[in-house]
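Fold and geometry: a report
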Amino acid sequence: MVVSIIIPVYNVKKYVLNCLLSVLNQTYRNIEVVLIDDCGADDSIERVHSFIENNKLDWTVVRHDCNRGLSAARNTGLQHCSGEYVYFLDSDDEIEPECIEKLVAPINQNKVYDFVIGGYSKVGEVVATPRLELATGGYYDNAEILRLYAEGKWYMMAWNKLFRHSFLTDKNLQFLPDVKMYEDVYFVVCALSLAERVGKVDRVLIHHRVYSEQSKNRLFRKYYHQVPELYARLKSF
């Protein structure tokens, strides 16, 4: 079973090589990696090309004609990947060597999940990491999946979940390309509202980078006007 790892690349020169190295070191080898060049201002993509030229794996680089943002880059990745399952990896994050192997393991037990959730930690700015309180195992009822989300047992980030590709295409699930903050909210809330089979792996597999409150506040001030639109789109889904 092929797993596609989708990695948007934009102004991450400090972190992108560690991200790619964590992909290269995966114990699960049946993977393809789709990198999206989102036209950053630094030399991130040059570092990417140098790395993939010297490290054998199924790498593909797709270039945008201009900067289009994280959501559009992830959608581009979906259009260019062929794996049965899809993992969205931010290019400043890192994954444990057994990340994909552990996320795939429940599926290999003759079970088909719409998505599988993995544990995570946060690095960078010192912040509390919300506990992933969802019990390890499988959940096969949409009402239960929604109830557990409402109870705060799991959260709405895309980067700690392995999605079944056909689930995303059959349900026409994509990220909102015009949204530049809270990109994961719409996508994951729509996915959980449609999911009927969800698995959870009880292990920290992803290390997600968090930036300073100052950086987040600048982003919010720039795009806060999109919040009502995001809420309206969710209501109309």
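The sections below set out a description of the structure shown in this document.

Calculation criteria
Residues numbered from 1 in each chain as written. Predicted model: local features only at pLDDT ≥ 70, side-chain atom pairs only at ≥ 80, totals over all residues. Heavy atoms only, no water. Helix = DSSP H or I, 4+ residues; strand = E, 2+ residues; numbered from the N terminus. Buried < 20%, exposed > 50% of the residue type's maximum accessible area, 1.4 Å probe, protein only. Contact = heavy atoms within 4.5 Å. Phe/Tyr/Trp six-rings, centres within 6.5 Å; stacked < 30°, edge-to-face > 60°. Axes fitted to C-alpha atoms, helices over the stretch in contact; angles between N-to-C directions. Parallel < 35°, antiparallel > 145°, perpendicular 65-115°, else oblique. Left-handed = near helix turned anticlockwise from the far one by under 90°. Nonpolar A, V, L, I, M, F, W, Y, C, P; charged D, E, K, R; others polar. Core = buried A, V, L, I, M, F, W, Y, C linked by side-chain atoms within 4.5 Å. Pairing = 2+ DSSP bridges. Right-handed = clockwise from strand over helix to strand, strands pointing away.

1. Quick look at the overall build of the protein
- Along the protein, the regular secondary structure elements total nine helices and nine strands.
- Classification of the 237 residues of the protein by burial places 49% in the buried group.
- Summarising the internal contacts of the protein: among those between residues at least 6 apart in sequence, 83% fall at separations of at least 24.

2. Re the packing of aromatic side chains
- Applying the stated rule across the entire model yields 11 aromatic pairs.
- With 5.2 Å between their ring centres and 90° between their planes, Y120 and W159 make a pair best called edge-to-face. Of the two residues, Y120 is situated in strand 6 (residues 115-124) and W159 in the loop between helix 5 (142-150) and strand 8 (161-164); the sequence distance between them amounts to 39 residues.
- Cluster of aromatic residues (ring-pair linked, three or more members): F88, F115, Y149, W154, F163, F175 and F187.

3. Here's the deal with the packing of helix 1 (residues 16-24) against helix 2 (residues 44-54)
- With their axes 10 Å apart at the nearest point, helix 1 and helix 2 run at an angle of 30° to one another. Relative to helix 2, the element helix 1 lies roughly parallel. When the axes of helix 1 and helix 2 are compared, the crossing they make is right-handed. Contacts from V16, L17, L20, L21 and L24 in helix 1 reach S44, R47, V48 and F51 in helix 2.
- Residues of the contact of helix 1 with helix 2, tallied by class, amount to seven nonpolar, one polar and one charged.

4. Details of the nonpolar core
- Formed by 38 residues in total, the largest nonpolar core has its most connected members in I7, V23, W59, Y87, I100 and L162.
- Sorting the residues of this core by element identifies strand 1 (3-9), helix 1, strand 2 (31-37), helix 2, strand 4 (85-88), helix 4 (99-108), strand 6 and strand 9 (198-210) as the ones contributing at least two each.
- Once residues within four sequence positions are removed from consideration, V23 is found in contact with I5, I7, I31, V33, L57, W59, L89 and I95.
- Listed in part, the 33 residues of the second largest apolar core include V34, A73, L148 and Y186.

5. What to know about the pairing of strand 2
- The buried fraction of strand 2 is high, at seven of seven residues.
- Side chains I31, V33, L35 and D37 of strand 2 all project onto a buried face; the interleaved residues E32, V34 and I36 project onto the opposite face, where all are buried too.
- Here strand 1 runs beside strand 2; their pairing, made up of seven bridges, is parallel. Looking across to strand 2, one finds that I5 is bridged to V33.
- Taken together, strand 1, helix 1 and strand 2 constitute a β-α-β crossover, and its handedness is right-handed.
- Here strand 2 pairs with strand 3 (residues 58-63) via six bridges, running parallel. Residue pairing for strand 3: V34 is matched across the bridge by T60.
- Each parallel crossover has a hand, and the one from strand 2 via helix 2 to strand 3 is right-handed.

6. Some details on the environment of I52
- Examined against the element boundaries, I52 turns out to sit in helix 2.
- Given the relative accessible area of 16%, I52 is considered buried.
- A C-alpha to C-alpha distance of 8.5 Å links I52 and L20, two positions 32 residues apart in sequence.
- The residues touching I52, leaving out its near neighbours within four places in the chain, are W59 and V61.

7. Points about the pairing of strand 9
- Pairing between strand 5 (residues 94-95) and strand 9: two bridges, direction antiparallel. Bridge pairing in strand 9 places I95 opposite I206.
- Two strands pair when backbone bridges link them, and strand 7 (residues 137-139) and strand 9 are joined in this way by three bridges, in the antiparallel orientation. Within strand 9, the position partnered with Y139 by the bridge is V198.

8. Details of the packing of helix 5 against helix 7 (residues 183-194)
- Contact geometry of helix 5 with helix 7 gives a least axis separation of 8 Å together with a crossing angle of 140°. Our classification of the angle between helix 5 and helix 7 gives oblique. Contact with helix 5, carried on its side by N142, I145, L146 and Y149, involves V189, L192, S193 and L194 of helix 7 and no other residues of that element.
- Looking at side-chain class alone, the contact of helix 5 with helix 7 contains six nonpolar, two polar and no charged residues.

It is worth stressing that arrangement in space is one thing and function is another; only the former is reported here.
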